[in-house]
Amino acid sequence: MITVYGEGRGFRVVWLLEEMGLPYRLRRVDLLTGVENDPEFLAINPAGFIPALVDGDVTMVESIAIMEYLLARHGQTRMGPTPLAPAPQDPEFPLYQQFLHLGEAGLAASAYFASSARNLAPESERDNHTGRHALETFKSRLGLVTRQLARSPYLAGERFTAADISVTYALDLAQRNIGYELGEPALDYWRRTTGRDGYKRAMAACHDTRAWSEQVAAAKAGGATP
């Protein structure tokens, strides 16, 4: 049984597992109470960040690396290779690789640091150079996404792939944590990807992620900041 430790970026992993139809167990990791109080998890990832994955004798961290591992190790079925990862010789493969990694390196990482500055720093330090630079980095990388969406409905072309999981998570993060307002092309794309059954099943499985999403939506509807 594949075990996923922690939500956060682990949502990407759970969503991918749902799309692939692979059985898994999601083990909660509570970062708010402190991973020092979770020796079982620290034995899996002594660095103490999420997600982590255990698959038999394989232990991995880093959500994009985990996704690539799952697609490579479990993506071949009796029905053929998974459509979620184009083969290297496929013309869509370069775009797939680019946006799979852009979803973290360019988008989610930037949104994370912008969120940290805005929500976690002392009040007097929230408007700082690093936070502003992180937000500008997010905006510039998002421009690559919207340019591609003008050419195709998904980031690698005509079909949904794991690259869309990677990027959609980053768009979720930016909207929820920093209140980023997506333009129409990105918003239409986000609605399309989050409307998938796999996304809905992942959201149902990830209780903390769902609770945070509902809290943000309620606050926004009430005109408050979550």
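This text goes with the structure placed above it.
Predicted model only: the values in this text are computed from it and were never measured. (Residues numbered from 1 in each chain as written. Predicted model: local features only at pLDDT ≥ 70, side-chain atom pairs only at ≥ 80, totals over all residues. Heavy atoms only, no water.)

K.L.:
I'd like a description of the environment of His74, backed by residues and values.
P.N.:
For His74, the position within the fold is in helix H3 (residues 63–74). Relative accessible area serves as the criterion here: at 25%, His74 is assigned to the partly exposed category. For the pair His74 and Glu18, spaced 56 residues apart in sequence, the C-alpha separation works out to 13 Å. Once residues within four sequence positions are removed from consideration, His74 is found in contact with Ile2, Met20, Leu22, Asp55 and Tyr69. (Helix = DSSP H or I, 4+ residues; strand = E, 2+ residues; numbered from the N terminus. Buried < 20%, exposed > 50% of the residue type's maximum accessible area, 1.4 Å probe, protein only. Contact = heavy atoms within 4.5 Å.)

K.L.:
Requested: an account of the packing of helix H6 (residues 162–178) against helix H7 (residues 184–194), with residues and values cited.
P.N.:
Where H6 meets H7, the axes come as close as 10 Å, and the angle between the chain directions of the two elements is 115 degrees. Relative to H7, the element H6 lies roughly perpendicular. For the pair H6 and H7, the crossing hand works out as left-handed. Of H7, the residues touching H6 (which contributes Asp164, Val167, Thr168, Leu171, Asp172 and Gln175) are Ala186, Leu187, Tyr189, Trp190, Thr193 and Thr194. Broken down by class, the residue content of the contact of H6 with H7 amounts to six nonpolar, four polar and two charged. (Axes fitted to C-alpha atoms, helices over the stretch in contact; angles between N-to-C directions. Parallel < 35°, antiparallel > 145°, perpendicular 65-115°, else oblique. Left-handed = near helix turned anticlockwise from the far one by under 90°. Nonpolar A, V, L, I, M, F, W, Y, C, P; charged D, E, K, R; others polar.)

K.L.:
Can you lay out the packing of aromatic side chains for me, pointing to particular residues and giving the numbers?
P.N.:
According to the stated counting rule, one finds nine aromatic pairs in the structure shown. Between Phe93 and Tyr96, the aromatic rings sit 6.2 Å apart at their centres with planes inclined by 40 degrees, giving tilted as the arrangement. Here Tyr96 and Phe93 lie together in helix H4 (residues 93–119), a separation of three residues that amounts to about one turn. Assessed through its relative accessible area of 23%, Phe93 is described here as partly exposed. Taken together through their ring pairs, the aromatic side chains of Phe11, Trp15, Tyr154, Phe160 and Tyr199 make up a single cluster. If you follow Arg192 out to its NZ or CZ, it ends over the ring of Tyr154, 5.4 Å from the centre. Note that Arg196 overlies the ring of Phe160, its terminal NZ or CZ placed 3.8 Å from the centroid. (Phe/Tyr/Trp six-rings, centres within 6.5 Å; stacked < 30°, edge-to-face > 60°. Lys NZ or Arg CZ within 6 Å of the ring centre and 35° of its normal.)

K.L.:
An account of the pairing of strand E3 (residues 52–55) is needed here, citing residue identities and associated values.
P.N.:
The two faces of E3 match: Ala52 and Val54 on one face and Leu53 and Asp55 on the other face are all buried. As judged from the three bridges shared by strand E1 (residues 2–5) and E3, these two strands associate in the antiparallel manner. Residue pairing across strands places Tyr5 opposite Ala52, the latter belonging to E3. Between E3 and strand E4 (residues 58–61), which pair antiparallel in sequence order, lie two residues; one of them, Gly56, sits at a positive phi of approximately 65 degrees. (Pairing = 2+ DSSP bridges.)

K.L.:
Just give me the short version of the environment of Ala117, but keep the residues and values in it.
P.N.:
Among the structural elements, Ala117 can be located in helix H4. Put simply, Ala117 and Asp127 are 10 residues apart on the chain and 7.3 Å apart in space, counted from C-alpha to C-alpha. Among all residues touching Ala117, those that are not within four sequence positions of it are Arg126, Asn128 and Gly131.

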